[in-house]
Amino acid sequence: MSVERWSTAQVETLAPDAASIKAGRGLSAPLSWSATGRLDDILWGQCRGYQVCVDLTGPAYRCSCPSRKIPCKHALGLLLLWADTGVATAPAPDFAREWQAARAAKATAKPRSAATPDPAAAAKRAEQRAERVAGGMTELRRWLDDQIRQGLAGAQRAGHQPFEAMAARLVDAQAPTAASAVRRLGTVAGIGPHWADRLLGELALLRLLVTGYDRLAELPPELAATVRTRIGFPVATEDVLAGPHVTDRWQVLGQVEVDDGALTTRRTWLRGSRGRFALILSFAAPGQPLTSDLVPGTEFRGELAFYPGAAPLRALVASRDSAAEPFSAPDGAATITDALLSYSVTVAAEPWRFDAPVLLSGVTPSDDGWLVDSTGAALPLAPGHSEPWWLLAAAGGRPATVAGEWSPAGLRPLAAWADGGFVAAGPPMPTAGAPRRPELPPELLAAALVGTNRRPWSGDSPLLDTAAVALTRRRAGVQPATTGHPAVAAAPVETTAPLPGPAGARLMRILGEGVPGGAQLAQELLSQWLAAARELGAHVPPVALPALLDAGRRNSIIRPALAQVAGARGVWLAGMRDEWRWLRDEAQSPSPAAAFDWQTGSSGERLGHLTALRATDPGGARELVESTWSRDSSDDRARFIAALATGLSMADDPFLERALDDRRKEVREAALELLRRLPGSGLRDRMAQRARAAVRRERRVIGSDRLIVTPPGELDPGLRRDGVASTPARGTGVSAWLLEEIVAGAPLDTWSDPATMLRLARGNDWESPLLHGWAKAAVAQEEVAWATILLNEVSGTLRESVRWDLHLVLPAAELGRLAADALRREDPMANRLLAIHPGRWPDELSVAVLETIAHRARNDRHSWQLGELCRAAALAMPPAYADLVGRLALQLDQEPADASRVRPVADLARTLTFRQEMFDELTT
């Protein structure tokens with residue numbers, strides 16, 4: 001049977017916990033597996049001696065490792081490998097064939113007959129439990145009546161203790177589900193808005209449950225089963241599976257996990273092709289994994305067995321007749337009105353049900369936390385889900401199919417299908433949802449608050465009975481809103497092509513920190529991915545936009561590249577949230593359109609237009625900047641000046657000179673940076689004149705020439721305007737500092753060749769400020785010759801910060817040579833050189849690093865040094881070295897080496913492989 005490959009996200013939903021996902025990702029590279037393959041619907045692989053099998057029709061798992069987690073990290077790694085790149089086609093080994101045969105035999109084997117229970121003993125136990133429950137229900141009735149007679153205002157003052165006491169009594173009476181309902185009331189009394197309305201409603205439903213139990217023999221069998229379940233009578237799994245089965249094609253719509261501290265519950269909603277919903281529940285104790293065999297967004301053919309009830313939703317998977325396969329859109333989505341009608345039928349049949357599944361067709365979010373369909377009907381989103389950025393990004397404000405749970409608190413989305421793709425709902429966020437309104441009539445609430453002892457109830461039925469009817473009618477009769485919630489305007493159509501599908505999936509892995517090395521490397525890998533992706537001129541998958549915009553909010557360095565790949569939808573989405581509006585400033589127009597209006601364009605559009613126009617009409621571009629200079633913000637003024645670097649010429653000098661008098665420091669600094677780089681600028685001429693006045697070469701007939709140094713005595717306004725800092729470096733006098741700053745600002749062609757100037761400065765009283773000034777000038781003017789000779793001749797006399805800045809001027813190849821030499825000499829400076837090396841390492845440096853890694857893995861006493869070196873190499877070593885590093889990791893694994901030394905090398909191999917695949921996806 002051919003099974004379509006699952007997505008990485010679908011595989012990750014199978015993991016029992018976050019640690020298993022991380023460990024599985026670490027084993028998802030081909031280098032981690034000595035052999036892999038597929039036998040029909042069985043994936044198999046061999047990983048470090050362990051034999052791993054996964055049955056895709058289950059999914060079911062087998063691994064020879066000792067882990068108690070299901071699935072273990074090896075099974076997850078095999079599934080992730082299959083989802084990412086597929087598995088090899090090697091012949092299946094014996095262990096895979098034997099497991100396949102064992103599963104087939106188990107599926108066809110007849111169940112072993114259980115021992116025949118003693119009917120008399122079973123009847124006696126049932127009679128005894130019925131007596132206990134009856135006593136508990138009688139006591140619960142009296143307690144409920146007491147609450148109403150005394151008034152709910154007293155419950156607010158008493159706190160949760162009375163509810164705990166009654167719940168304990170119900171536990172003793174073997175009515176655990178009713179006990180849980182009573183215990184929850186303690187978290188309602190006196191807490192939050194409309195607490196009295198919610199408390200009265202829950203008390204009324206409990207009173208209805210007691211009444212139902214009193215009349216259990218008179219109720220229809222389905223309703224009687226619901227009452228028994230709500231009280232806490234167990235229903236054996238064997239009895240459910242022995243009942244009728246419903247055969248259908250079942251689509252897994254979504255999952256919700258709830259952790260109440262004592263138990264983790266996963267609710268998985270399914271829908272059959274004939275329109276029936278089903279709820280699969282799984283439970284786990286704290287710290288224990290949940291069973292993960294149903295993948296949202298997939299479908300299978302099989303049989304379900306439903307628990308008995310008036311509105312049967314809970315079910316068990318009795319059998320599966322096909323493997324799970326993704327589907328493009330669910331069947332049977334309805335309008336909001338029809339979905340609420342189905343909810344009404346469910347509540348009318350089972351009044352104790354608070355929520356029920358809905359599948360909505362063609363809905364769009366509004367800007368105030370509602371979903372609106374094509375008829376104009378609207379439903380509020382539940383608190384925590386009222387800002388559905390995941391849905392806005394995926395659908396772009398266009399109609400989508402949404403699965404969710406509807407309750408009086410609002411709609412809790414589970415998933416959506418947009419543009420033929422499945423999108424899981426984002427996690428709840430702390431936001432204010434639609435305010436919950438009272439559900440009961442005011443006269444009922446007033447009487448309940450005061451108590452019927454003080455204000456007798458004059459209705460035809462007891463107050464709690466009346467409240468139960470009113471609450472059920474209110475919930476069953478819910479109607480959608482029809483006005484006041486317009487849908488958001490749709491996002492503009494993209495003008496660029498989408499990125500290749502594998503590249504988009506890779507981005508989602510990076511954003512989810514599903515990368516080798518975890519969060520430590522995820523940010524750097526994201527930066528590398530964005531830098532490579534922007535060259536394609538395409539846009540990212542829409543579902544990635546919320547996480548990507550959040551990443552840009554936290555890290556301004558990646559914003560320019562991110563703006564190039566966010567697309568029109570990214571800009572549209574950023575306009576809806578203040579924290580993302582930075583994207584609108586970064587997003588630039590692609591070309592200097594003739595009709596572009598400089599006066600009305602956004603900051604990003606103006607910057608893009610200016611940058612493009614500087615390439616063809618530098619003067620016209622500068623005139624645009626000057627036309628709105630007085631009205632622009634300081635941030636925009638600084639950005640526009642920086643854009644003048646394109647096509648910079650002496651024609652820009654007068655404008656940049658005026659910018660030196662700007663009131664904002666960032667604007668002045670941007671102008672200074674350009675003027676220092678502009679040959680012939682007034683700034684450079686002034687600094688050259690000051691330097692020649694302060695440092696004069698005296699030529700002597702007898703003896704060597706010497707430098708006569710006369711530093712300025714004070715920082716005058718002219719020096720301050722031209723960028724001379726007023727605060728000296730630590731340990732430097734004022735005169736020495738001013739001399740250093742003047743020399744740093746002067747063009748280096750003011751002086752003779754660097755070798756001559758260093759010779760003349762040697763032994764001079766002002767040697768230090770002269771050397772530091774020339775070094776800073778070399779950095780600012782990017783003069784490689786000066787930087788090289790300064791580092792070779794006087795490196796030890798320079799302040800550390802200046803010395804390391806000089807290294808940044810060196811060509812990458814030279815810097816790599818220095819780092820390689822330092823590594824071979826075991827010079828501690830090597831790590832610093834590696835850290836400042838720009839871009840990918842050259843081969844000479846990569847080979848030196850690989851040799852050092854091999855040596856440290858076998859000989860170093862401290863593994864942290866090896867780990868630091870491997871982390872640096874993971875981001876800068878060319879990915880083509882992945883195979884060599886992988887071979888080294890295998891060699892170390894087979895040697896009697898400490899595992900803590902093998903792990904960093906294996907992680908390095910996985911990261912290099914990850915980067916190689918990442919770049920391949922962005923270049924094909």
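Heads up: the structure comes first, above all this text.
### Quick look at the overall build of the protein chain
Here is step 1 of the chain: The helix and strand tally for the protein chain stands at 39 helices and 18 strands.
Here is step 2 of the chain: The principal-axis extent of the C-alpha atoms belonging to the protein chain is close to 130 × 70 × 55 Å.
Here is step 3 of the chain: Among the 924 residues that make up the protein chain, the fraction classed as buried is 49%.
Here is step 4 of the chain: Considering only residue pairs separated by 6 or more positions, the protein chain has 68% of its internal contacts joining residues 24 or more positions apart.
Here is step 5 of the chain: Counting every atom, the protein chain has about 42900 Å² of accessible surface; 52% of that belongs to carbon and sulfur.
Here is step 6 of the chain: Counting 103 positive and 106 negative side-chain charges, the protein chain places the averaged centre of each group 3 Å from the other.

### Examining the packing of aromatic side chains
Here is step 1 of the chain: Taken as a whole and judged by the stated rule, the model has 11 aromatic pairs.
Here is step 2 of the chain: Measuring from centroid to centroid gives 5.7 Å for tryptophan 143 and phenylalanine 163, while their planes differ by 80°, and the two rings are edge-to-face. A residue pair is termed long-range when its members are at least 10 positions apart, and tryptophan 143 in helix H5 (residues 119-150) and phenylalanine 163 in helix H7 (residues 161-172) qualify at 20 residues. Neither tryptophan 143 nor phenylalanine 163 differs from the other in exposure class; each is buried.
Here is step 3 of the chain: Ring plane angle 50° and centroid distance 5.3 Å describe the contact between tryptophan 598 and phenylalanine 640, whose orientation is recorded as tilted. Within this pair, whereas tryptophan 598 is found in the loop between helix H21 (582-586) and helix H22 (603-614), its partner phenylalanine 640 is found in helix H24 (residues 634-643), the two being separated by 42 residues in sequence. Phenylalanine 640 matches tryptophan 598 in its accessibility class, with the two residues each being buried.

### As for the sheet that holds strand S4 (residues 60-63)
Here is step 1 of the chain: Ordered by their spatial adjacency, four strands build an open sheet running S1-S2-S3-S4, and the pairing between neighbours is antiparallel. Single-partner strands in this sheet number two, and they are strand S1 (35-39) and S4. Here the strands of the sheet are splayed against their neighbours by 15° on average, with no regard to which way each runs.
Here is step 2 of the chain: Note that S1 and strand S2 (residues 42-47) share five bridges and pair antiparallel. By the bridge assignment, threonine 36 is partnered in S2 with glycine 45.
Here is step 3 of the chain: Here helix H3 (residues 73-84) sits on the sheet and contacts S1, S2, strand S3 (50-55) and S4; the angle it forms with S3, its principal contact strand, is near 60°.
Here is step 4 of the chain: The strands touched by helix H4 (residues 94-108) within the sheet are S1, S2, S3 and S4, with S3 carrying the most contacts at an inclination of about 40°.

### Remarks on the side chain of serine 681
Here is step 1 of the chain: You can see serine 681 is positioned in the loop between helix H26 (665-677) and helix H27 (682-694).
Here is step 2 of the chain: Take serine 681: its relative accessible area is 0%, and that puts it in the buried class.
Here is step 3 of the chain: At 2.8 Å, the side chain of serine 681 and the backbone oxygen of leucine 675 are in polar contact.
Here is step 4 of the chain: Beyond its immediate stretch of four places on either side in the chain, serine 681 contacts Met650, Asp653 and Leu675.

### Quick look at the sheet that holds strand S13 (residues 378-380)
Here is step 1 of the chain: The sheet built from six strands is open, its strands ordered S13-S12-S11-S14-S15-S16 with antiparallel pairing. The open sheet has two edge strands with one neighbour each: S13 and strand S16 (421-424). Direction aside, neighbouring strands of the sheet carry axes that sit 40° apart on average.
Here is step 2 of the chain: Along the sheet, helix H12 (residues 336-349) makes contact with strand S11 (356-365), strand S12 (370-372), S13 and strand S14 (400-407), crossing S11 at roughly 165°.

### As for the side chain of serine 846
Here is step 1 of the chain: Relative to the elements of secondary structure, serine 846 occurs in helix H36 (residues 843-859).
Here is step 2 of the chain: Once residues lying within four places of it in the same chain are set aside, the contact partners of serine 846 are Trp841, Met877, Pro878 and Tyr881.

### So, the packing of helix H9 (residues 195-214) against helix H15 (residues 463-476)
Here is step 1 of the chain: At a closest axis distance of 8 Å, the pairing of H9 and H15 adopts a crossing angle of 105°. By the angle between their directions, the pair H9 and H15 is classed as roughly perpendicular. Residues Leu200, Gly201, Glu202, Leu203, Ala204, Leu205, Arg207, Leu208 and Thr211 of H9 touch H15, and the partners they reach there are Leu463, Leu464, Asp465, Ala467, Ala468, Leu471 and Arg475.
Here is step 2 of the chain: Tallied by class, the residues present in the contact of H9 with H15 amount to 10 nonpolar, two polar and four charged.

### Some words on helix H10 (residues 221-231)
Here is step 1 of the chain: Of the residues making up H10, those classed as buried are Ala224, Ala225, Thr226, Val227 and Ile231.
Here is step 2 of the chain: In this fold, the buried residues of H10 make contact with H5, helix H8 (176-185) and H9.

### Some words on the packing of helix H14 (residues 442-450) against H15
Here is step 1 of the chain: Closest axis-to-axis distance for the H14/H15 pair is 11 Å, and the angle between their directions is 145°. Like other packed secondary-structure pairs, H14 and H15 cross with a definite hand, here left-handed. On the side of H14, the interface is formed by Leu444, Ala447 and Ala448, while H15 contributes Leu463, Thr466, Ala467 and Ala470.
Here is step 2 of the chain: Among the residues making up the contact of H14 with H15, the classes are represented as six nonpolar, one polar and no charged.

### Focus on H3
Here is step 1 of the chain: Its 12 residues give H3 an end-to-end C-alpha distance of 16 Å, which sits within 8% of 16 Å, the value for a rise of 1.5 Å per residue.
Here is step 2 of the chain: Across the 12 residues of H3, 10 count as buried, placing the element largely inside the fold.
Here is step 3 of the chain: Those residues of H3 lying buried are His74, Ala75, Leu76, Gly77, Leu78, Leu79, Leu80, Leu81, Trp82 and Ala83.
Here is step 4 of the chain: In the segment just after H3, glycine 86 is the residue with positive phi, at about 85°.

### As for unusual backbone geometry
Here is step 1 of the chain: Look at the link from isoleucine 70 to proline 71: it is a cis peptide, with omega at -5°.
Here is step 2 of the chain: With respect to the secondary-structure elements, proline 71 resides in the loop between S4 and H3.
Here is step 3 of the chain: Of note, the phi angle at arginine 48 is positive, near 55°, even though the residue is not glycine.
Here is step 4 of the chain: Tracing the backbone through its elements, the reader meets arginine 48 in the loop between S2 and S3.
Here is step 5 of the chain: Its identity is not glycine, yet aspartate 419 carries a phi of approximately 55°, on the positive side.
Here is step 6 of the chain: Assignment of secondary structure puts aspartate 419 in the loop between strand S15 (410-418) and S16.
Here is step 7 of the chain: By relative accessible area, aspartate 419 is classed as exposed at 71%.

### Considerations on the pattern of salt bridges
Here is step 1 of the chain: Throughout the structure, instances matching the rule amount to 50 salt bridges.
Here is step 2 of the chain: A salt bridge links arginine 207 to aspartate 145; the nearest nitrogen and oxygen atoms lie 3.6 Å apart. Here the residue arginine 207 occupies a position in helix H9, and aspartate 145 occupies one in helix H5, the gap between them amounting to 62 residues.
Here is step 3 of the chain: Across the pair glutamate 868 and arginine 871 runs a salt bridge, and its minimum N-O distance is 2.8 Å.

Cut-offs applied
Residues numbered from 1 in each chain as written. Predicted model: local features only at pLDDT ≥ 70, side-chain atom pairs only at ≥ 80, totals over all residues. Heavy atoms only, no water. Helix = DSSP H or I, 4+ residues; strand = E, 2+ residues; numbered from the N terminus. Buried < 20%, exposed > 50% of the residue type's maximum accessible area, 1.4 Å probe, protein only. Contact = heavy atoms within 4.5 Å. Areas by Shrake-Rupley, 256 points an atom, 1.4 Å probe, with all protein chains shown as cover. Lys, Arg positive; Asp, Glu negative; His and termini not counted. Charge placed at Lys NZ, Arg CZ, Asp CG, Glu CD. Phe/Tyr/Trp six-rings, centres within 6.5 Å; stacked < 30°, edge-to-face > 60°. Pairing = 2+ DSSP bridges. Axes fitted to C-alpha atoms, helices over the stretch in contact; angles between N-to-C directions. Polar contact = N/O pair within 3.5 Å; in protein donor to acceptor, adjacent residues only side chain to side chain. Parallel < 35°, antiparallel > 145°, perpendicular 65-115°, else oblique. Nonpolar A, V, L, I, M, F, W, Y, C, P; charged D, E, K, R; others polar. Left-handed = near helix turned anticlockwise from the far one by under 90°. Expected span 1.5 Å × (residues − 1). Salt bridge = Lys/Arg side-chain N within 4 Å of Asp/Glu carboxyl O.

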